[in-house]
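# Architecture at a glance
Read off the chains here:
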Amino acid sequence: MRAAVIGDIHANLPALLAVLEHARSQSIDEIWNIGDSTGYGAFPEEVIRFLMESEIISIQGNYDAKVLNFKHKKEKWKKNKLPEKWLAFKFAYEQLSTPGRLYLQSLPQEITLERAGKRLLLTHGSPGSPEEHLTPETPQSRLREIAQKTPADIILCGHSHIPFTRVCDNTWFINTGSVGRPDDGDARASYVIVELSPKRITTVHYRIPYNVDQAVNAVREHNLPEAFAQMTLRGYSLEEILRQNQVSAATTSEDLDSP
């Protein structure tokens, strides 16, 4: 059987639609979504409504949980989070309809599946925490620790927005990368197809071009921070975009000060 595994859509509807169009051309049997469907992008309600109406198996990501908690945490978060992050939570929460919020709230944080004689765990960050970043550089010792504690042949995750496939002690770790907000400097949407048989596991990671202008224009039309548009255009995290902007501003200032 073949499954398309997506995640970290982050309210980027054009990227999601492009990924699903590509995935369905690959003779897939199922689609699994490892969460963080909301946040930063301009289409939180549209993405959630699409997931509600589809047959996609989904879990809740850490960002989704924070969006749902915004009403109760907004005063505290306004004091201790970046203004851009606070605005992203606020926008996503206010854009979601009541049915959308209820659907998002109903999603589990993890799902275990049995396919082709394999036990699979869908988790957002890691089985230890939805906020743990597993990356291509995560020490093998950490993967071994997770594998020993997790009764699964395959652990499917996201959160770090960096795609990879790694094997540790016969446990497969597969990170989908991010559909809507890659962090590796490649702005194309990322997802993975996993092919399973009783004797074989195969993964193919894809980078899919999509209508970036549509996603960026929508961010600007909603008067969201320009940093969100730059994240979409350049394929970097908010923190990295803000850092790059500071470096650029400092360099410009030095040039102006030069005799």
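Here the structure is shown first, and the text comes after it.
Before going into details, it helps to say that this report is about the structure given with it.

Rules and cut-offs
Residues numbered from 1 in each chain as written. Predicted model: local features only at pLDDT ≥ 70, side-chain atom pairs only at ≥ 80, totals over all residues. Heavy atoms only, no water. Pairing = 2+ DSSP bridges. Helix = DSSP H or I, 4+ residues; strand = E, 2+ residues; numbered from the N terminus. Axes fitted to C-alpha atoms, helices over the stretch in contact; angles between N-to-C directions. Contact = heavy atoms within 4.5 Å. Expected span 1.5 Å × (residues − 1). Buried < 20%, exposed > 50% of the residue type's maximum accessible area, 1.4 Å probe, protein only. Polar contact = N/O pair within 3.5 Å; in protein donor to acceptor, adjacent residues only side chain to side chain. Core = buried A, V, L, I, M, F, W, Y, C linked by side-chain atoms within 4.5 Å. 1 Å grid on protein atoms, 1.4 Å probe; cavity = no way out; pocket = protein on both sides within 12 Å on 5 of 7 lines; lining within 4 Å. Points joined across faces, edges and corners; volume = space filled by probe spheres on them. Nonpolar A, V, L, I, M, F, W, Y, C, P; charged D, E, K, R; others polar. Salt bridge = Lys/Arg side-chain N within 4 Å of Asp/Glu carboxyl O.

### Focus: the sheet that holds strand E4 (residues 110–115)
- Read across the open sheet, the 5 strands follow the order E4-E5-E6-E8-E7; overall the sheet is mixed. The sheet is open, and its two borders are formed by E4 and strand E7 (164–168), each paired with just one other strand. Across the sheet, the mean angle separating the axes of adjacent strands is 20° when strand polarity is ignored.
- As defined by bridge partners, strand E5 (residues 118–123) adjoins strand E6 (residues 154–157) across 3 bridges and the pair is classed as parallel. Note on E6: the bridge partner recorded for Leu-121 is Ile-155.
- Along the sheet, helix H7 (residues 140–149) makes contact with E6, E7 and strand E8 (171–175), crossing E7 at roughly 70°.

### Topic: helix H1 (residues 13–24)
- Along its 12 residues, H1 runs 16 Å from first to last C-alpha, staying within 8% of the 16 Å computed at 1.5 Å per residue.
- Along H1, the residues classified as buried are Leu-13, Pro-14, Ala-15, Leu-16, Ala-18, Val-19, Leu-20 and Ala-23.
- Elements in contact with the buried residues of H1: strand E1 (2–6), strand E2 (30–33), helix H2 (44–53), strand E9 (189–197), strand E10 (200–208) and helix H8 (212–221).
- One side-chain oxygen of the residue at the start of H1 lies 3.1 Å from the amide nitrogen of Ala-15, identifying that residue as Asn-12.

### Side note on the nonpolar core
- Counting 52 residues, the largest nonpolar core has Ile-6, Leu-16, Tyr-191 and Phe-228 as its most contacted members.
- When residues in this core are grouped by element, the largest group, 7 residues, is from H1.
- With residues up to four places along the chain from it excluded, the contact list for Leu-16 reads Ile-6, Ile-9, Val-47, Phe-50 and Val-179.
- Listed in part, the 16 residues of the second largest apolar core include Trp-32, Ile-111, Leu-120 and Leu-156.

### Examining the layout of surface pockets
- Quantified by volume, the largest pocket comes out at close to 380 Å³.
- Around the largest pocket sit 21 residues that line it, and Asn-62, Lys-85, His-133, His-159 and Arg-181 are the ones nearest its centre.
- Elements that contribute at least two residues to the lining of the largest pocket include exactly helix H3 (62–68), helix H5 (83–95) and helix H10 (238–257).
- In terms of residues, the lining of the largest pocket owes the most to one element, H3, which gives 3 residues.
- Among the residues forming the lining of the largest pocket, the class breakdown is 5 nonpolar, 7 polar and 9 charged.
- The volume enclosed by the second largest pocket comes to roughly 150 Å³.
- In this structure, the second largest pocket is lined by Leu-68, Lys-71, His-72, Tyr-93, Thr-98, Arg-101, Leu-102 and Gln-105.
- Elements represented by at least two residues in the lining of the second largest pocket include exactly helix H4 (70–80) and helix H6 (98–106).
- Looking at the lining of the second largest pocket residue by residue, the class counts come to 3 nonpolar, 3 polar and 2 charged.

### Here we look at the sheet that holds E2
- Across the sheet, which stays open at both edges, the 5 strands sit in the order E3-E2-E1-E9-E10 with mixed pairing between neighbours. Bordering the open sheet on either side are strand E3 (57–58) and E10, each of which pairs with just one other strand.
- The pairing of E9 with E10 spans 9 bridges and is antiparallel. The partner of Val-192 across the bridge, within E10, is His-205.

### Considerations on the pattern of salt bridges
- The tally for this structure, following the rule as stated, stands at 16 salt bridges.
- A salt bridge links Asp-183 to Arg-181; the shortest N-O distance between them is 2.9 Å.
- Overall, Arg-181 belongs to the buried group, its relative accessible area being 10%.
- Residue Asp-186 is joined to Arg-188 by a salt bridge in which the shortest nitrogen-to-oxygen separation is 2.7 Å.
- Through salt bridges with shared partners, one network takes in Glu-132, Arg-142, Glu-145 and Lys-149.

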